[in-house]
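# Residue-level structure breakdown
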Amino acid sequence: WVTLLEGKGFPMGPVRTVPESFQCEQAIHREMTMKIHHPLAGVVRVPGSPVKYSGVNTTQSANGIQQNHEKEEGETRLCLPPPMLGEHTKDVLTDVLEMTSTEIEHLVNDAVVECWEK
């Protein structure tokens, strides 16, 4: 498709596999991937945001791992790992559904929900 549509005025690009997309020259130049520390998997490489904003820090440390340093005022950081299964279950049940800890405990004991403990 790229050969057929190239130069015809269509916004397009090649479809890549995940490993190809992480090794793509443009993705590397635009810092489209980051290495982060995952609580179970260790250091993993994940896609970064394709949209870049001023005031959003996505720089990595010398060892290549995304760090959670103190934020400057007005700065946003995009360096959290994906949540674990059940990591936010208690928060949602408590804050959104206003369930008590006893009600949540019953759901966990009955294997209705799973709560991941840090």
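Before reading further, recall that the structure is shown in the block above.
Keep in mind that what you see is a predicted model, and the values were worked out from it rather than measured.

## A look at the overall build of the protein chain
From N to C terminus, the protein chain includes 5 helices and 4 strands. Split into buried and exposed, the 118 residues of the protein chain put 19% on the buried side. Here the contacts in the protein chain between residues at least 6 apart in sequence split such that 37% fall between residues at least 24 apart.

## Description of the pairing of strand E1 (residues 33–38)
As defined by bridge partners, E1 adjoins strand E2 (residues 42–47) across 6 bridges and the pair is classed as antiparallel. When the bridges of E2 are listed, His 37 appears paired with Val 43. Between E1 and E2, which pair antiparallel one after the other, the connecting turn spans 3 residues.

## Things to note about the pattern of salt bridges
One side chain can pair with another of opposite charge once the charged atoms of both are near each other. Going through the model one piece at a time under the given rule, you end up with 1 salt bridge. We note a salt bridge from Lys 90 to Glu 117, for which the minimum N-O separation is 2.8 Å. One end of the pair, Lys 90, is in helix H4 (residues 89–96); the other, Glu 117, is in the segment after helix H5 (101–109), with 27 residues separating them in the sequence. By relative accessible area, which is 39% here, Lys 90 ends up partly exposed.

## A look at a nonpolar patch on the surface
A cluster of nonpolar residues, Val 92, Val 96 and Leu 97, forms a patch on the protein surface that exposes about 280 Å² of accessible area. Its location among the elements puts Val 92 in helix H4.

Rules behind the numbers
- Residues numbered from 1 in each chain as written.
- Predicted model: local features only at pLDDT ≥ 70, side-chain atom pairs only at ≥ 80, totals over all residues.
- Heavy atoms only, no water.
- Helix = DSSP H or I, 4+ residues; strand = E, 2+ residues; numbered from the N terminus.
- Buried < 20%, exposed > 50% of the residue type's maximum accessible area, 1.4 Å probe, protein only.
- Contact = heavy atoms within 4.5 Å.
- Pairing = 2+ DSSP bridges.
- Salt bridge = Lys/Arg side-chain N within 4 Å of Asp/Glu carboxyl O.
- Patch = residues over 30% accessible without salt bridge, like charges linked within 9 Å, V, L, I, M, F, W, Y side chains within 5 Å.
- Areas by Shrake-Rupley, 256 points an atom, 1.4 Å probe, with all protein chains shown as cover.

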